[in-house]
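# Architecture and fold: a report
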Amino acid sequence: MADAQPVTEEELRRLSEFLYRRTGMIFTETKRYYVQRRITDRMEATGATSFASYFARLRSDAAGEVEQFINAFTVNETYFYREDHQLRCLTQDLLAERVERRPRDRAIRIWSVPCSTGEEPYSIALWLLENWAQVDAYDIEIVGSDIDTRALKAASEGVFGKRALMRLSPELIGRYFEELGDEQWRILDDIRGSVRFTAANLVETAETRPHGQFDVIFCRNVLIYFDDASRRVAAENLYENLAPGGFICLGHTESMSRISPLFEVRRFDDAIVYQRPRAAHG
Amino acid sequence: MPLIRKGGDAPAPTGGDEPAGKLRSTSPDERWAAARALSGRPEALASLTAALATEQDPRVREALLTGLARIGTPQGAAAIVPLIRSDDASLRTGAIDALRVMPAAALAGPLDSLLSDPETDVRILACDLARALPAPQATRLLCGLLAREPEANVCAAAADVLAECGEPDALPALAACAERFVQVPFLVFALRVAGDRIRAQTPVQDG
C-alpha cells in the first residue's frame, strides 16, 4: 500500500531535478498537485511505502522504472491538431522561409516522425489546406514514419474515434471525414492518399537516410525516451534528414540544445524550433 | 488537391558509407559522412581519434565524438579524455558531453584518473561526470576524492553531486571533509546540505 503523504518541498525539488536531468521537463511548486498524483500512482504500482524508497528505486532504474516514471509525466495519447501552436508556426513563419527564392516546381517535404496512428501527418495536411494561402502554389509531400508497423497500418486505414477528433470543429470533420457510425470517422481518400507512411527507427541511419532531406520535421515526444547515446545518434540522423535551413519541431517539453549543438535555436511568435544552419559552420 | 499523392519516390539518399580515408577529405560534408559511417566501430578507434586531433569543423567534431562515445569502451573514453583540457571551450564541452553518454564500465577507469588530475578544473569537471555513474560507484569515487582533495572548490563540486546521487556510505566522508575544511564556511555548508539530503532520502524498510 502506498504512502499517500504529500511530498515535501525538498522531495519535490529532488524529484524535479531528476526529471529535468533526464528529460528537460521542469516542474515547480505550482505543479505540486500534478506531480503528487503521478508519484502516488507510481508508488502504488511499485509497492513503495515511502517517497524515499520509491526515489531509491527510481535512481537505480530498478525494473525500468525510469521509463515508467517518464511515461507517467507525459501525455501519450495523440489527437488531431495537438500542439497546434507549432502548426501555426509552420504556416506563419517556417514555410515562408522555406519557399523564399524556391522554384515553384520544387516540392516542399514535411516529415512526421514518429507518426503513431497518423493523427499528426494528417493534421499537417488539413492545417495546410485550411491555413496556408500558398498551398495551391507548391507540391507538398508529407511522410509519416514510425517504428511500430501496427500503428502504421492503422494510420494508412485512416479511421479515427471521437477522442482523436476532439480538437476539430464539426465543419472540419464534415469537410474532411466520412462518418462510419459507432463514433468512427474515416479521413477522405484524397487526404489519405496524400500522406506516405514508412517504417523507420530514428536511431538507425540506414533506415532514416533513404527518406532524403525535408524542409520541416515534426519529431515530438520521442527523444525523451532514448538514452543519451541514442539521442545523439538520433539528432545526427535528423540533421542529415533536414535540408540546410530546414526546421525541426520537438515536443514542448523537449530541447535539442540539451542533446546536440548541431542545430540553431529559432524563436518565433508561436513556437521555439530548431534549424539546421544554412551553411555548415566551421 | 495540391498535396502530392503517395507512391512517389523519395529523393536520392544523401551521403553513404565512406572509407576512413575520407576523414582527411578537404570537404567537411565528406568528413561528416565518413565520421558517421565509422561511428561506433571499434576498428575505427584509431582513425576517429586521429581525425579528432585535427578536426576544426564543430559539426564534424560532434560526429567524431559521437562515434567514439558509441564505441563504448575504456579505449574510446581514453581517446576523448585529453580533450577536456582543451583551451577551446566548445571542444571541452563536447568532450564532457560525449563522455557523459558512455557506459559506466567505459567511463569508470578514466574517471578515476581524472579525479586525481593535477589540474583543479579537470577534477571539477570529473566530479560532474561522476553523476553519470551508478550511485554506488559515484559514491565510492567521490568519497575517495573527498578524503584527499586539497581544493575546497573541488570538494564542493563533489558534494553537489553526492547531494543528488550519494549513498548513505558517503556520510562519514562528508563529515570528515567538513572537519578538514572547518575554516571554509561555504564548503562546510555544502557538505552539510549533501549529508542532510542523503539522510532524508535513505529509505526506511519497505513493508
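Just above sits the structure.
Quick look at the structure, then.

## Considering the packing of aromatic side chains
- This structure, assessed with the given rule, holds 12 aromatic pairs over all chains.
- Taking the centre distance of 5.0 Å and the plane angle of 50 degrees together, the rings of Tyr239 of chain A and Trp32 of chain B count as tilted. Taken together, the residues span two chains, with Tyr239 of chain A in helix 11 (residues 228-240) and Trp32 of chain B in helix 1 (residues 28-37).
- Put simply, the rings of Phe80, Tyr122, Phe160, Phe177 and Phe197 of chain A pair up and form one aromatic cluster.

## Some words on the packing of helix 8 (residues 135-148) of chain B against helix 9 (residues 152-165) of chain B
Residue and element names in this part refer to chain B.
- As a packed pair, helix 8 and helix 9 sit with axes 10 Å apart at the nearest point and diverge in direction by 155 degrees. Classified by the angle their axes make, helix 8 and helix 9 are roughly antiparallel. In this structure, helix 8 meets helix 9 at a crossing whose hand is left-handed. Contact residues: helix 8 offers Ala135, Ala138, Thr139, Leu142, Leu145 and Leu146, while helix 9 offers Val154, Cys155, Ala158, Val161, Leu162 and Cys165.

## Quick word on the nonpolar core
- Counting residues in hydrophobic clusters, the biggest one holds 90 residues, and the most contacted among them are Ile248 and Met256 of chain A together with Leu146 of chain B.
- Considering every element that reaches this core, the biggest residue donor is helix 9 of chain B, with 11 residues.
- If sequence neighbours within four positions are ignored, Ile248 of chain A has contacts with Ile217, Cys219, Leu238, Leu242, Met256, Phe263, Val273 and Tyr274 of chain A.
- Counting 46 residues, the second largest nonpolar core, distinct from the first, contains Leu94, Leu95, Ile108 and Leu168 of chain A.

## Concerning the side chain of Gln275 of chain A
All names here are of chain A.
- Relative to the elements of secondary structure, Gln275 occurs in strand 10 (residues 272-275).
- Within the structure, Gln275 has its side chain in polar contact with the side chain of Arg266 (distance 2.8 Å).
- When sequence neighbours within four positions are dropped, the list of residues in contact with Gln275 reads Glu97, Gly245, Gly246, Phe247, Phe263, Glu264 and Arg266.

## Here we look at the pairing of strand 2 (residues 140-146) of chain A
Residues and elements named next belong to chain A.
- By the criterion of burial, strand 2 is predominantly enclosed, with 7 of the 7 residues buried.
- Burial along strand 2 is two-sided: the residues Ile140, Ile142, Gly144 and Asp146 and Glu141, Val143 and Ser145 are all buried.
- You can see the chain leave strand 1 (residues 108-112), run along helix 6 (residues 119-131) and come back into strand 2, and the turn it takes is right-handed.
- Two elements, strand 2 and strand 6 (residues 195-199), share 5 bridges in a ladder whose sense is parallel. Within strand 6, the position partnered with Gly144 by the bridge is Phe197.

## Re the packing of helix 7 (residues 120-130) of chain B against helix 9 of chain B
Residues and elements named next belong to chain B.
- Where helix 7 meets helix 9, the closest approach of the two axes is 8 Å, and the angle between their N-to-C directions is 5 degrees. Considering the angle they form, helix 7 stands roughly parallel to helix 9. Across the interface between the two elements, Thr120, Arg123, Ile124, Cys127, Asp128 and Ala130 from helix 7 touch Asn153, Val154, Ala157, Ala158 and Val161 from helix 9.
- Taken together, the residues of the contact of helix 7 with helix 9 break down into 7 nonpolar, 2 polar and 2 charged.

## Remarks on the sheet that holds strand 5 (residues 184-187) of chain A
All names here are of chain A.
- Here 3 strands make up an open sheet; going across it, the order is 3-5-4 and the pairing antiparallel. Looking at which strands have only one partner, the edges of the open sheet turn out to be strand 3 (159-161) and strand 4 (177-181). On average, each strand axis in the sheet is inclined to that of its neighbour by 35 degrees, with strand direction left out of account.
- With 4 bridges joining them, strand 4 and strand 5 adopt antiparallel strand pairing. For Glu179, the partnering residue across the bridge sits in strand 5 and is Trp185.

## A word on the pattern of salt bridges
- Taken as a whole, this structure holds 35 salt bridges over all chains when the rule is applied.
- With its nearest N and O atoms 3.3 Å apart, the salt bridge here joins Arg88 of chain A to Asp270 of chain A. Residue Arg88 of chain A is located in helix 5 (residues 84-99), and its partner Asp270 of chain A is located in the loop between strand 9 (264-267) and strand 10; the two are separated by 182 residues in the primary sequence.
- You can call Arg88 of chain A partly exposed: its relative accessible area is 29%.
- One salt bridge in this structure joins Arg100 of chain B and Asp128 of chain B, with 2.5 Å as the shortest N-O distance. Taken together, the residues span a long stretch of sequence, with Arg100 of chain B in helix 5 (residues 89-100) and Asp128 of chain B in helix 7 at a distance of 28 residues.
- Arg100 of chain B gets classed as partly exposed once you look at its relative accessible area, which sits at 28%.
- Connected through salt bridges with shared partners, the residues Asp97, Arg100, Asp128, Arg131, Asp160 and Glu164 of chain B form a single ionic network.

## A few points about unusual backbone geometry
Residue and element names in this part refer to chain A.
- The residue after Val113, namely Pro114, is reached through a cis peptide bond having omega 0 degrees.
- Structurally, Pro114 can be placed in the loop between strand 1 and helix 6.
- Notably, Glu83 is not glycine yet its phi reads approximately 45 degrees, a positive angle.
- Tracing the backbone through its elements, the reader meets Glu83 in the loop between helix 4 (65-73) and helix 5.
- Taking the relative accessible area as the measure of exposure, Glu83 reaches 11% and is therefore buried.
- Even without being glycine, Asp182 reaches a positive phi, approximately 55 degrees.

## As for helix 11 of chain A
Residues and elements named next belong to chain A.
- The end-to-end C-alpha distance of helix 11 is 19 Å, a good match for the 18 Å that 13 residues give at a rise of 1.5 Å each.
- Of all the 13 residues making up helix 11, 10 are buried; the element is thus mostly covered by neighbouring parts of the structure.
- Residues of helix 11 that are buried include every one of Arg231, Arg232, Val233, Ala234, Ala235, Glu236, Asn237, Leu238, Tyr239 and Glu240, and no others.

## Focus on the sheet that holds strand 6 of chain A
All names here are of chain A.
- Taken together, the 7 strands give an open sheet; going across it, the order is 6-2-1-7-8-10-9, and neighbouring strands pair in mixed fashion. In this open sheet, the two strands that pair with only one neighbour each are strand 6 and strand 9. Taking the axes of each pair of neighbouring strands and ignoring which way they run, one obtains an average angle of 25 degrees across the sheet.
- Across 3 bridges, the pairing between strand 1 and strand 7 (residues 214-219) is parallel. From the neighbouring strand, Ile110 faces strand 7, where its bridge partner is Val216.
- Contacts between helix 7 (residues 149-157) and the sheet are confined to strand 2 and strand 6, with strand 6 contributing the most and set at about 165 degrees to the helix.

What counts and how
- Residues numbered from 1 in each chain as written.
- Chains lettered and ligands numbered in written order.
- Predicted model: local features only at pLDDT ≥ 70, side-chain atom pairs only at ≥ 80, totals over all residues.
- Heavy atoms only, no water.
- Phe/Tyr/Trp six-rings, centres within 6.5 Å; stacked < 30°, edge-to-face > 60°.
- Helix = DSSP H or I, 4+ residues; strand = E, 2+ residues; numbered from the N terminus.
- Axes fitted to C-alpha atoms, helices over the stretch in contact; angles between N-to-C directions.
- Parallel < 35°, antiparallel > 145°, perpendicular 65-115°, else oblique.
- Left-handed = near helix turned anticlockwise from the far one by under 90°.
- Contact = heavy atoms within 4.5 Å.
- Core = buried A, V, L, I, M, F, W, Y, C linked by side-chain atoms within 4.5 Å.
- Buried < 20%, exposed > 50% of the residue type's maximum accessible area, 1.4 Å probe, protein only.
- Polar contact = N/O pair within 3.5 Å; in protein donor to acceptor, adjacent residues only side chain to side chain.
- Right-handed = clockwise from strand over helix to strand, strands pointing away.
- Pairing = 2+ DSSP bridges.
- Nonpolar A, V, L, I, M, F, W, Y, C, P; charged D, E, K, R; others polar.
- Salt bridge = Lys/Arg side-chain N within 4 Å of Asp/Glu carboxyl O.
- Expected span 1.5 Å × (residues − 1).

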